[in-house]
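Notes for the structure review
Listed here are the chains, written in short residue letters.
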Amino acid sequence: MSSKVLAGLCILVAVVCQVWSTPHRKQEDPSIAVLRPWQQSTETGGLKRVKRAWVIPPINTPENNKQIPKQLVQIKSDKREPGKVIYKLEGPGVDQDPRGYFEINEKTGLVTLKTMLDRESYSKFKLKAYALDLSGERLEDPTELEIIVLDQNDNRPVFTQPEYIGTVLEFSTPGTSVMQVTATDADDHETDNAILSYSIIRQDSIPPFHVNKTMFGIDNSTGVIFTRDVGLDSEIMEGFNLTLQVADMSGMGLTAYSTAIIYIKDINDNAPIFTPKSYYFEAAENEANFLVGTINATDIDEENTPNWRIKFNIIAGDPDGHFDVRTDSATNQGMVFVVKPLDYETVREYQLTVTAENEAPLSSKAPQIPLSSATVTITVLNQNEAPGFRSNPIKLSVAEGTPQGTVLARDIASDPDRQQLRYDIEYDPGEWLSVNSETGEIRANKMIDKKSPFLEDNVYRAEIRVSDTGEDRSTATATVEITVMETNDYPPVIFPLSGSVCSDPEKGSGLILSAVDMDQSPHGPPFYFNLFINTVTVNWTLVTLNGTHVALRLLRELEAGPYPISVRVSDSGQPTLSALYTVNVSVCQCDEAGDCRALLGALFAGRTGLSLAAVLIILGSVALLLLSLLIVAAVGQCRRQPLKQGLLGGSDDDIRDNVLNYDEQGGGEEDENAYNIDQLRNPDEVVPPLASALPRPKQPLRKDAPYNYPSPSYPRKPPTDPTDIEDFINDTSNPFQGLDAADNDPNVPPYDTALIYDYEGEGSLAGSLSSIASGSSDGDQDYDYLNDWGPRFKKLANLYDQH
């Protein structure tokens, strides 16, 4: 039973029940359903009993009804007498969007449809009905009123795409799914109005009229298109154009149309074939990467696909890989290239076997035939070839010191045409090499010297040229790179050769010994240290720290003192060089930090055998000796005090600077040490407290004159002709005069201290020198008191006596 029939029965039952249960009602219009959701209550024994509310079934009304307005239903209440009830209606379609679809008569409760309905826009409405008394008070709770819009088949089905495109492999078996088409219908899916059915109403091949069979079918309910027959061949047809139809009401209602284009996808069912199968080309020798010629093969599969593109392979006739066949992407032809230079003298003709196959593997549905092949014959053309070196650069490793005449290399070049070759040196900056012009044998022209200025990173570079004797003389040049190898020339050297070690083996880290080697790697480190004498190993040991350092340590405690230890060190060179060294080790008492103690502490703590009394005696003797030296110095100072009388005592100015520092050209430091200027200090001069407390040192003897040479007698004899001081100084007639006396008398300063007066030569324009510390002339001065000052002023007195 359909839903419409059920809905009608429900309404009929509700109406009959309401009519039956309502007494004393007037005759009503039978064409309009009357609903009484509010029934009159009854009283029994003073109690009120309310009947159970009726369930109001939905009110159905068809869409697209043009008889407007249309009365749908009438609502009545038994709570009040007729005319004393007001009816109201609320909800979508009345006072809510969409407005204006329904209205109710406030006095009679008649619900009316005011406009035509569209189920695809609004499929149902839910309204609320109210019953009010004349004062506006609710008589009962509102009653829900549901209005259902019944569907009509007023919408055609629609395909989701105006055109469908699919592909199918050629030679597909019947039943192969190709694609699916879909359509929609806006009508109610719960009714027959939206039940769709698909069909193919026309089939056309591309290009037309190539196939007469029905090649495709479609599932009526799902829209899946599938193959129905065999014979799909992409080489015959490109595809099919299908006209599709869809209809609702299970194919009996409204219809719509679309198109499906199905392309047949190519498979590799055709192998390439050579046309022709024999080819002849020529190729020049000694050249590479050039095109020899092209070969042709055809394939009828779809162009520019892996099923059509051809791969060419050389399967025979080219064992050394001189040739390659490449595919031209535009023409699908094979291009034969020489990729490795040919040699006419070795092979003069090649016969290649070339096969052709597609990039994609051949389908199992293709005819099973052997691969197509072709023969390619290539003739090699002869050319005059230049000689060539077997290696370039020619790398040689030669030890330094290799003597002259040593053979360094042989058989360095060859000629492809087997012509006679001639060799010569093109560049040899140090003239290290000589080459045999016929054989190319290279010899050392001089001893290989590692200190040559022409070496760069221990490599010597030269150039050798070779040429053939043919008509078209060809030459080639190669670089000779000679790596000069280091030889082991020097043994390693140990340092330091002396040091101290704690007598207690538990203290200190021992004496660290290092080694260096003037040779370079690999003839240097790591070094190997060994104790030379076996008896020493009882007390001493060497602990390796790294490749260049060891620690010399004690194995047991020894007495303090010097110990010579013999250590041999060897390098890593070939042959190994070694050297023996004596390391003077001082064993000492150490403190907790591992450092040797001070001398006094060592004497007390060590095992020297000295007692405390002996140490005190030694210290007392040293103090007594120092006191004696101080007394002797004080006595000597007292004896020199009279020297402050005379010239300096009679003047308020200290004129020592005038005597000593006037452009002095004398004997330098030795002269100043020999001539103690401090003895001439003015007694009135203020001496700093520290300086006055120190004893004046004894006048030292000269260091530049022999001590056993007798002092000259005084007064010295004046020069016979004192007109020139230079002649007086250089006078050799008297051994105790002038320069000779100044050089040999240990008791006086060098005589050339007279130069402090800045002597300007004979006949000076300045005239005679003025007196020291006096502004008067020489004639006004009396210099006799200089004779009382001792031998040091004797010569000065004699000079002034001559005037």
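Residues numbered from 1 in each chain as written. Predicted model: local features only at pLDDT ≥ 70, side-chain atom pairs only at ≥ 80, totals over all residues. Heavy atoms only, no water.

**Some points on the overall build of the chain**
In terms of helices and strands, the chain carries 9 helices and 45 strands. The proportion of buried residues among the 803 residues of the chain is 36%. A sequence separation of at least 24 residues applies to 66% of the contacts in the chain between residues at least 6 apart. Accessible surface, the chain: about 46,600 Å² in total, of which carbon and sulfur atoms supply 52%. (Helix = DSSP H or I, 4+ residues; strand = E, 2+ residues; numbered from the N terminus. Buried < 20%, exposed > 50% of the residue type's maximum accessible area, 1.4 Å probe, protein only. Contact = heavy atoms within 4.5 Å. Areas by Shrake-Rupley, 256 points an atom, 1.4 Å probe, with all protein chains shown as cover.)

**Details of the sheet that holds strand β40 (residues 511–516)**
Taking strand neighbours across the sheet as the criterion, the 4 strands line up as β38-β40-β43-β42 in an open arrangement whose pairing is antiparallel. Looking along the sheet, the strands with just one partner apiece sit at the ends: β38 (493–495) and β42 (540–544). Neighbour-to-neighbour, the strand axes of the sheet open up by a mean angle of 30°, direction not taken into account. Pairing analysis gives 5 bridges linking β42 to strand β43 (residues 549–554), with the strands arranged antiparallel. If you follow W540 over to β43, its bridge partner there is L554. (Pairing = 2+ DSSP bridges. Axes fitted to C-alpha atoms, helices over the stretch in contact; angles between N-to-C directions.)

**Description of the sheet that holds strand β24 (residues 310–316)**
Spatially, 4 strands are ordered β21-β28-β27-β24 in an open sheet, and the strand pairing comes out mixed. In the strand order of this sheet, the two ends are held by β21 (278–284) and β24, each with one partner. Across the sheet, the axes of successive neighbouring strands diverge by a mean angle of 30°, strand direction being ignored. The sheet contact formed by β24 and strand β27 (residues 349–358) spans 6 bridges and is antiparallel. Directly across from N313, in β27, lies its bridge partner T355.

**Brief notes about the nonpolar core**
F389, I412 and I442 are the most contacted members of the largest nonpolar core, which totals 26 residues. When residues of this core are traced back to their parent elements, those giving at least two are β30 (394–399), β31 (407–409), β33 (421–427), β34 (433–435), β35 (442–444), β36 (459–468) and β37 (475–485). If sequence neighbours within four positions are ignored, I442 has contacts with T406, V407, L408, A409, I412, L433, S434, V435, I464 and V480. (Core = buried A, V, L, I, M, F, W, Y, C linked by side-chain atoms within 4.5 Å.)

**What to know about the state of the cysteines**
Counted by the stated rule, this structure contains 2 disulfides. Linked covalently through their sulfurs, C502 and C590 form a disulfide whose S-S length is 2.0 Å. Across the S-S bond of C502 and C590 the torsion is about -100°, and the bridge reads as left-handed. Of this pair, C502 sits in strand β39 (residues 498–502) while C590 sits in the loop between β45 (578–588) and α2 (599–605), placing them 88 residues apart in sequence. According to the relative accessible area criterion, C590 is buried, its value standing at 4%. Here C588 pairs with C596 through a disulfide, and the sulfurs are 1.8 Å apart. Residues C588 and C596 are joined through a disulfide that is left-handed, its torsion about the S-S bond being -50°. What makes C588 buried here is its relative accessible area of 12%. Going through the chain in sequence order and numbering each bonded cysteine, the pairs you get are 1-3, 2-4. (Disulfide = S-S within 2.5 Å.)

**Quick look at the environment of P276**
Relative to the assigned elements, P276 resides in the loop between β20 (273–274) and β21. We classify P276 as partly exposed; its relative accessible area is 47%. For the pair P276 and A297, spaced 21 residues apart in the sequence, the C-alpha separation amounts to 8.0 Å.

**As for the side chain of Q245**
Take Q245: it is sitting in strand β18 (residues 239–247). In contact with Q245, other than residues within four places in its own chain, are F159, S197, Y198, S199, I201, T255, A256 and Y257.

**Considerations on the confidence of the model for the chain**
The pLDDT averaged across the chain works out to 76; a share of 71% of its residues lies at or above 70. Here helix α6 (residues 689–693) stands out as the element of the chain with the lowest mean pLDDT, 36, in contrast to strand β26 (residues 334–338), whose mean of 96 is the highest. Within the model, pLDDT remains below 50 along residues 705–709, and this stretch shows 12 contacts once partners closer than five positions in the same chain are excluded. (pLDDT = per-residue confidence, 0-100.)

**Observations regarding the pairing of strand β41 (residues 528–531)**
Two faces make up the sheet, and in a regular strand the side chains alternate between them. On β41, burial follows the alternation: F529 and L531 on one face are buried, whereas Y528 and N530 on the facing-out side are not. Sheet topology places β41 next to strand β44 (residues 561–570); 4 bridges connect them, and they run antiparallel. Pairing of L531 across the sheet is with V567, part of β44.

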